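As a plain string of letters, each chain reads:
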Amino acid sequence: MRMPEPDAAVLAEREGIVAGLRAIVAGEGVIADDDGLAAYETDGLTAYRARPMAVVLPETTGQVAELLRLCRDRRVKVVPRGAGTGLSGGALPLADGIVLGLGKFNRILDVDLANRCLVVQPGVTNLAITEAVADAGFYYAPDPSSQIACTIGGNIAENSGGVHCLKYGVTANNLLGVELVLMDGEVVRLGGKHGAAQGYDLLGVVTGSEGLLGIVTEATVRILPRPESAVAFLLGFPTSVAAAGCVAKVIAAGIIPAGMEMMDKPAIDAAEAFCHPGYPSDAAAILIVELDGMAAEIDELALRVAEIATACGATTLRRSQTEDERLTFWKGRKSAFPAVGRISPDYYCMDGTIPRGRIAEVLERTALLAARHGLRVANVFHAGDGNLHPLILYDANRPGELARAEEFGADILRLCVEVGGVLTGEHGVGVEKRDLMGTMFDEGDLAQQQRLKCAFDADGLLNPGKVFPTLRRCAELGRMHVHRGAVAFPDLPRF
């Protein structure tokens, strides 16, 4: 993995830079000792590690603005970081850069039930948003498996989804506005309780931008009334092909479940041993299909799902009878990643998205790739929207296994693109998929994407080395273009 060469001039000024940081954020808000920095060497993609020059933990938007101005003036690179649960290396530090951690931005600022939204700081965890409004009968729909720990700022950076994104959408569909600090220290607001303004969809640009455009210091998120009723089906199938066929037929029948998840045999066995959700031991694959809404509507849809599953050869068909049983079905799925961690010293979690109709083909070809690379794989994924999460099992202590796992993962992602899919569904590009961007985009596409970054960050100091396989200077790229006419980037609404 290639990263930008450290700037020797910046490294030589480390003491002065750290002193400048401490003049803005006092006390324990700046970490510069080796033991303290070790905690920030990596994110959830633990195969890659780097020691930052310093870590700074601001508490106010004003401090973030001052820090970014300081870093711009001294040409110091900045890597934003939330809870560090990301799986694509998006928060991997740089030796000549600082990590700007947002863990102290952890307050819920406003609960507005009348407008069905919350205003939160980026360090608030995903699950905490739902917990804040649960007693009032509301919830926040995006629910990544790491929701107990991952933060809303990180969710915005990666445009995270979760098991219920099929019906209720990913972060972009549930985000109303952000407060954003630009690299020059300016604070802007995009959207708000009223939703995004007309004109350029700058809120959409920022969502999923992986820390390359600015630092989110506040977010306004949409909350939804909790459905009147919800039931889950646990469906077991003799083959993954049969389970994949059921997914396609349910959607083709016009049924949009709240969630539709699939697990194969290795993942089923690992989850069962880990948390005992009652998954069928004789199934080669299972589907968890959740239906929610009015009770009468659910009963009708449940009959249709049962008919489709039976026609597809389901050997297990269980409908949750209580709320506890519904949650138990989901517990196994949401515990799949730690469960797999018990059966392998290491695993590499992939993230690609494919058309639903190609799931069976991709699973079969993934099995062939596993045999070719000599590694096991457990498949856990959002079947309803085709977002795959193959878990490649390996042992980093065995020479060459990490390299084989990485190449296996790259082959899976190339396969996703080949069948009409994309490189990522919700984990982001980061460093993990950066060098594969050329399989999906040509040079013109990548240049245009970098022009957009340059409009926000002309010096390329925000999270460099991520997303783009080849960094180009903004002066080489020219201005943003719309069709044949060159246009300056529009003014942003000022705070």
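Residues numbered from 1 in each chain as written. Predicted model: local features only at pLDDT ≥ 70, side-chain atom pairs only at ≥ 80, totals over all residues. Heavy atoms only, no water.

Within the chain, the regular secondary structure consists of 18 helices and 22 strands. A compact globule built from 495 residues should have a C-alpha radius of gyration of about 23 Å, and the chain, at 23 Å, falls within 12% of that. Reported as C-alpha extents along the three principal axes, the dimensions of the chain are approximately 65 × 60 × 50 Å. For the chain, the proportion of its 495 residues judged to be buried stands at 55%. Taken as a whole, the chain presents about 20,300 Å² of accessible surface, with 52% of it coming from carbon and sulfur. Charged side chains in the chain number 47 positive and 62 negative. The centres of these two groups are separated by 2 Å. (Helix = DSSP H or I, 4+ residues; strand = E, 2+ residues; numbered from the N terminus. Rg over C-alpha atoms; globule rule 2.2 N^0.38 Å. Buried < 20%, exposed > 50% of the residue type's maximum accessible area, 1.4 Å probe, protein only. Areas by Shrake-Rupley, 256 points an atom, 1.4 Å probe, with all protein chains shown as cover. Lys, Arg positive; Asp, Glu negative; His and termini not counted. Charge placed at Lys NZ, Arg CZ, Asp CG, Glu CD.)

The strand order across the open sheet built from five strands is S5-S6-S10-S8-S9, with neighbouring strands paired in antiparallel fashion. Two strands close off the open sheet at either side, each with one partner strand: strand S5 (108-112) and strand S9 (187-191). Ignoring which end each strand starts from, the neighbouring axes of this sheet average 10 degrees apart. (Pairing = 2+ DSSP bridges. Axes fitted to C-alpha atoms, helices over the stretch in contact; angles between N-to-C directions.)

Moving on: the pattern of salt bridges. Throughout the structure, instances matching the rule amount to 30 salt bridges. Linking Arg51 and Asp34 is a salt bridge whose minimum nitrogen-to-oxygen distance equals 3.7 Å. Note that Arg51 is positioned in the loop between helix H3 (34-38) and strand S2 (54-56) and Asp34 in helix H3, a separation of 17 residues in sequence. On the basis of relative accessible area, Arg51 is assigned to the partly exposed category, the value being 33%. (Salt bridge = Lys/Arg side-chain N within 4 Å of Asp/Glu carboxyl O.)

Below, the discussion takes up the confidence of the model for the chain. Residues with a pLDDT of 70 or more make up 96% of the chain, whose mean pLDDT is 93. Below pLDDT 50 for its whole length, residues 481-495 participates in 29 contacts with residues either more than four positions away or in separate chains. (pLDDT = per-residue confidence, 0-100. Contact = heavy atoms within 4.5 Å.)

Taken together, four strands build an open sheet; the order of strands is S1-S2-S4-S3 and the sheet is mixed. In this open sheet, the two edge strands, each paired with only one partner strand, are strand S1 (30-31) and strand S3 (77-81). Looking at chain direction, S3 and strand S4 (residues 97-101) are connected through five bridges and run parallel. Looking at the pairing, Val78 lines up with Ile98 of S4.

Let us look at a nonpolar patch on the surface. On the surface, a nonpolar cluster with roughly 200 Å² of combined accessible area is contributed by Ile108, Val111 and Leu113. Within the fold, Val111 resides in strand S5. Val111 sits in the partly exposed class, given a relative accessible area of 40%. (Patch = residues over 30% accessible without salt bridge, like charges linked within 9 Å, V, L, I, M, F, W, Y side chains within 5 Å.)

Its 13 residues give helix H4 (residues 61-73) an end-to-end C-alpha distance of 18 Å, which sits within 8% of 18 Å, the value for a rise of 1.5 Å per residue. The set of residues buried in H4 consists of Thr61, Gln63, Val64, Ala65, Leu67, Leu68, Leu70 and Cys71. Arg75 sits one or two residues past H4 and shows a positive phi near 55 degrees. (Expected span 1.5 Å × (residues − 1).)

Glancing now at the state of the cysteines. Under the counting rule described, the total for this entry stands at one disulfide. Disulfide partner of Cys454: Cys474, at an S-S distance of 2.1 Å. Measuring the twist about the S-S bond at about -90 degrees, one finds the Cys454-Cys474 disulfide to be left-handed. Of the two residues, Cys454 is situated in helix H17 (residues 443-456) and Cys474 in helix H18 (residues 474-477); the sequence distance between them amounts to 20 residues. We classify Cys454 as buried; its relative accessible area is 14%. Judged by its relative accessible area of 21%, Cys474 falls in the partly exposed class. Between Cys165, a cysteine without a disulfide, and Cys150, which holds the nearest cysteine sulfur, the sulfur-to-sulfur distance is 13 Å. Between Cys246, a free cysteine, and Cys312, which holds the nearest cysteine sulfur, the sulfur-to-sulfur gap is 4.5 Å. (Disulfide = S-S within 2.5 Å.)

Take empty space enclosed by the protein next. Under the defined criterion, the tally for this structure stands at one cavity of 30 Å³ or more. Looking at the largest cavity, its volume works out to about 50 Å³. Tallied by class, residues from the lining of the largest cavity come to three nonpolar, two polar and two charged. (1 Å grid on protein atoms, 1.4 Å probe; cavity = no way out; pocket = protein on both sides within 12 Å on 5 of 7 lines; lining within 4 Å. Points joined across faces, edges and corners; volume = space filled by probe spheres on them. Nonpolar A, V, L, I, M, F, W, Y, C, P; charged D, E, K, R; others polar.)

Bringing the environment of Glu15 into the picture now. If you trace the backbone, Glu15 turns up in helix H2 (residues 14-24). As a C-alpha pair, Glu15 and Ala32 span 17 residues in sequence and 9.5 Å in three-dimensional space.

Before going further, it helps to examine the packing of helix H15 (residues 359-373) against helix H16 (residues 401-418). At a closest axis distance of 10 Å, the pairing of H15 and H16 adopts a crossing angle of 155 degrees. Taken together, the axis directions place H15 and H16 in an arrangement best described as roughly antiparallel. Crossing handedness for the pair H15 and H16: right-handed. On H16, the residues touching Val362, Arg365, Thr366, Leu369, Ala370, Arg372 and His373 of H15 are Arg404, Glu407, Phe408, Asp411, Ile412, Leu415 and Glu418. Considering only residue class, the contact of H15 with H16 consists of six nonpolar, two polar and six charged. (Parallel < 35°, antiparallel > 145°, perpendicular 65-115°, else oblique. Left-handed = near helix turned anticlockwise from the far one by under 90°.)

It is worth spelling out the environment of Gly460 at this point. Mapping Gly460 onto the fold places it in the loop between H17 and H18. Spatially, the C-alpha atoms of Gly460 and Gly29 are 25 Å apart, while their sequence positions differ by 431 residues.

This paragraph deals with the pairing of strand S18 (residues 376-381). Along any regular strand the residues' side chains alternate between the sheet's two faces. For S18, the buried fraction is high: five of the six residues fall into the buried class. In this structure, strand S13 (residues 259-264) lies alongside S18, joined through two bridges in antiparallel fashion. From the neighbouring strand, Met263 faces S18, where its bridge partner is Val380. Here S18 pairs with strand S20 (residues 390-394) via four bridges, running antiparallel. By the bridge assignment, Ala378 is partnered in S20 with Leu391.

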